[in-house]
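Examining the three-dimensional arrangement
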Amino acid sequence: MKRLLSMVMAAAMALSLAACGGTAASGSTASSQAASSVPASSQAESASAASAASTPYSGDAMRIAGLQGPTTMGMVKLMKDQESMESPLYEVTMYGAADEIVPLLTKGELDAAAIPANLAATLYQKTEGKIQVAAVNTLGVLYVVTTGDEVASVADLAGKTIYSTGKGTTPEYVLNYILSENGIDPAKDVTIEYKSEATEVLAMLQSAGEGAVAVLPQPYVTAAQAQVEGLTVALDLTEEWNKIDPDSQLITGVLAVRSDYAQQHQLELEVFLADYRSSIEWVTANTADAAQLVAEYGIVAKAPLAEKALPACNITYMAGADMKQALSGYLDVLYQQDAASVGGALPGDDFYYGVE
């Protein structure tokens, strides 16, 4: 079971920490069907995009990277469908850490990647606008968990010791923002002990006894509940964010795309986005079947664990103006706390693909 928890921790941490270290996954690749496999509504969107495209379809497989975590869970139907195709349209490779993806994307060896939202903003700055975001694929995956029954609201965290990972990264910024907006000074009113790994947080929960409180990401929360007796989810930080700022959203993952690819292969990108949306909708509507694929592709170690975690992973598809509003608000919150978390400056309008 420790090995299972370690695998889940690696996936969860790769997602929740924008620039964490680690080794790449075993280079597993898969792909998906063309637009003919998507629902009629999505086909209509693809047809509209195709008629407006100025670049002929190249026929080359689109090269996509994903992390072994929630940001890639929505892609599993797309990946499975592609296996039966003689000439795949999409080649998806999964990695264990975002820093394995970054050089491949910036050098043009990848066309798109499912990565943390603030990492996409940072790459936009570092490449002088050569990285765009085409869709949001994952909302917040952070939860407050406890072995007691004293935490029913953010206000109840005052005076508590909170164990968490992510010092100097998005988990810290999100927690500080939510605490502050609820009148709790993170530096004075609570004690936050940051650990380098989620397994360390788990150990603290086990040793601290009843009433211990921690912030953990999914799918690690689900795995931890199997190890810590009485561990329950007290607060969904995505819901708490929405109470504070309904005009933005807590966002974990996005689909980033090279600007050059988006300009030169508009048709391919629009067809992929229609297929991607269809895949995400299938995953969210077919949890049990999706969990089998999530386990098959090694994103989560076991299907039962994946099935329990999927509904709490907040997998979604958001594009266009809705994406820009939600994502720009989220990045602004991070910028106000630490400008370096988004690359030193907020991205310009050209960061948001498909938004006039």
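All residue numbers refer to position in the chain's written sequence, counted from 1. In view of the model being predicted, local features appear only for residues whose pLDDT reaches at least 70, and side-chain atom pairs are presented and counted only at 80 or more, with totals across whole chains, interfaces and linings using the full set of residues. In computing side-chain values, all of the structure's heavy atoms are included and hydrogens and water are not.

Under the DSSP-based scheme used, a helix requires at least four consecutive residues in state H or I and a strand at least two consecutive residues in state E, with every element numbered from the N terminus. Along the chain, Val-92 turns up in strand β3 (residues 90-95). Between buried and exposed lies partly exposed: a residue is buried under 20% and exposed over 50% of the maximum accessible area for its type, with that area taken using a 1.4 Å probe on protein chains only. What makes Val-92 buried here is its relative accessible area of 0%. In this structure, the C-alpha to C-alpha distance between Val-92 and Leu-78, residues 14 residues apart in sequence, is 9.4 Å.

Summary of the metric used: pLDDT quantifies the predictor's per-residue confidence within the range 0 to 100. Residues of the chain with pLDDT of at least 70 account for 83%, and the chain-wide mean is 85. In the model of the chain, helix α2 (residues 40-52) stands out as the element of lowest mean pLDDT, 38, in contrast to strand β5 (residues 131-139), which has the highest, 97. Here residues 1-57 is modelled with pLDDT under 50, and outside its nearest four sequence neighbours on either side it reaches 138 contacts, counting other chains as well. Contacts between residues were defined by any pair of non-hydrogen atoms, one from each residue, lying within 4.5 Å.

Whenever Lys or Arg places a side-chain nitrogen within 4 Å of a carboxyl oxygen from Asp or Glu, that contact is recorded as a salt bridge. Tallying each qualifying case throughout the model produces 11 salt bridges. Between Asp-111 and Arg-63 there is a salt bridge, with its nearest N and O atoms 2.8 Å apart. Note that Asp-111 is positioned in the loop between α5 (98-106) and β4 (112-116) and Arg-63 in strand β2 (residues 62-67), a separation of 48 residues in sequence. A relative accessible area of 3% places Asp-111 in the buried class. For Arg-63, a relative accessible area of 30% gives the class partly exposed. Between Lys-243 and Glu-240 there is a salt bridge, with its nearest N and O atoms 3.2 Å apart. Of the two residues, Lys-243 and Glu-240 are both situated in helix α10 (residues 237-244); the distance of 3 residues between them amounts to about one turn of the helix. Accessibility expressed as a relative area gives 61% for Lys-243, which makes it exposed. A relative accessible area of 8% places Glu-240 in the buried class. Via salt bridges that share partners, Arg-63, Asp-111 and Arg-258 belong to a single interconnected network.

Let's shift gears to helix α13 (residues 287-296). Within the sequence span of α13, burial applies to Ala-290, Ala-291, Leu-293, Val-294 and Ala-295. In this structure, the buried side of α13 is in contact with α3 (70-73), α4 (76-82), α12 (266-285) and α14 (303-309).

Attention now goes to the nonpolar core. Residues Ile-115, Leu-157, Ile-251, Val-254, Leu-327, Tyr-330 and Phe-351 are the most contacted members of the largest nonpolar core, which totals 55 residues. Considering every element that reaches this core, the biggest residue donor is helix α15 (residues 320-337), with 7 residues. Sequence-distant contacts of Ile-115, that is, excluding residues within four places in its chain, are made with Ile-101, Ala-120, Leu-123, Thr-252, Gly-253, Val-254 and Ala-256. Core analysis: the next-biggest nonpolar cluster, separate from the first, contains 43 residues, Leu-89, Val-257, Ala-291 and Val-300 among them. To qualify as a nonpolar core, a set must consist of buried Ala, Val, Leu, Ile, Met, Phe, Trp, Tyr and Cys residues joined through side-chain atoms within 4.5 Å.

Attention shifts here to the sheet that holds strand β8 (residues 191-195). Backbone hydrogen bonds are what pair the strands of a sheet, in a parallel or an antiparallel way. Whether two strands pair comes down to DSSP finding at least two bridges between them. Here 5 strands make up an open sheet; going across it, the order is β8-β7-β9-β6-β10 and the pairing mixed. Every interior strand has two partners, whereas the edge strands, β8 and β10 (232-236), have only one. Each adjacent strand pair in this sheet contributes to an overall mean axis angle of 30°, direction not counted. Pairing of strand β6 (residues 142-146) with strand β9 (residues 213-217), which is carried by 5 bridges, proceeds in the antiparallel orientation. Axis lines are fitted through C-alpha atoms, for helices just across the contact stretch, and the angle between N-to-C directions can take any value from 0 to 180 degrees.

On to the packing of helix α7 (residues 170-181) against α10. How two helices pack is summed up by the angle between their axes together with the distance between the axes. Packing of α7 against α10 leaves a shortest axis separation of 10 Å and a crossing angle of 50°. Taken together, the axis directions place α7 and α10 in an arrangement best described as oblique. Crossing angle aside, the handedness with which α7 passes α10 is left-handed. Between α7 and α10, the residues in contact are Val-174, Tyr-177, Ile-178 and Glu-181 and Leu-237, Glu-240, Trp-241 and Ile-244, respectively. Residue type decides the class: Asp, Glu, Lys and Arg count as charged, Ala, Val, Leu, Ile, Met, Phe, Trp, Tyr, Cys and Pro as nonpolar, and the leftover types, Gly among them, as polar. Residues that form the contact of α7 with α10 fall into these classes: 6 nonpolar, no polar and 2 charged. By the definition adopted for this analysis, an angle is roughly parallel if under 35 degrees, roughly antiparallel if over 145, roughly perpendicular if from 65 to 115, and oblique otherwise. Crossings are sorted by hand: turned counterclockwise from the far helix by less than a right angle, the near helix makes the crossing left-handed, and turned clockwise it makes it right-handed.

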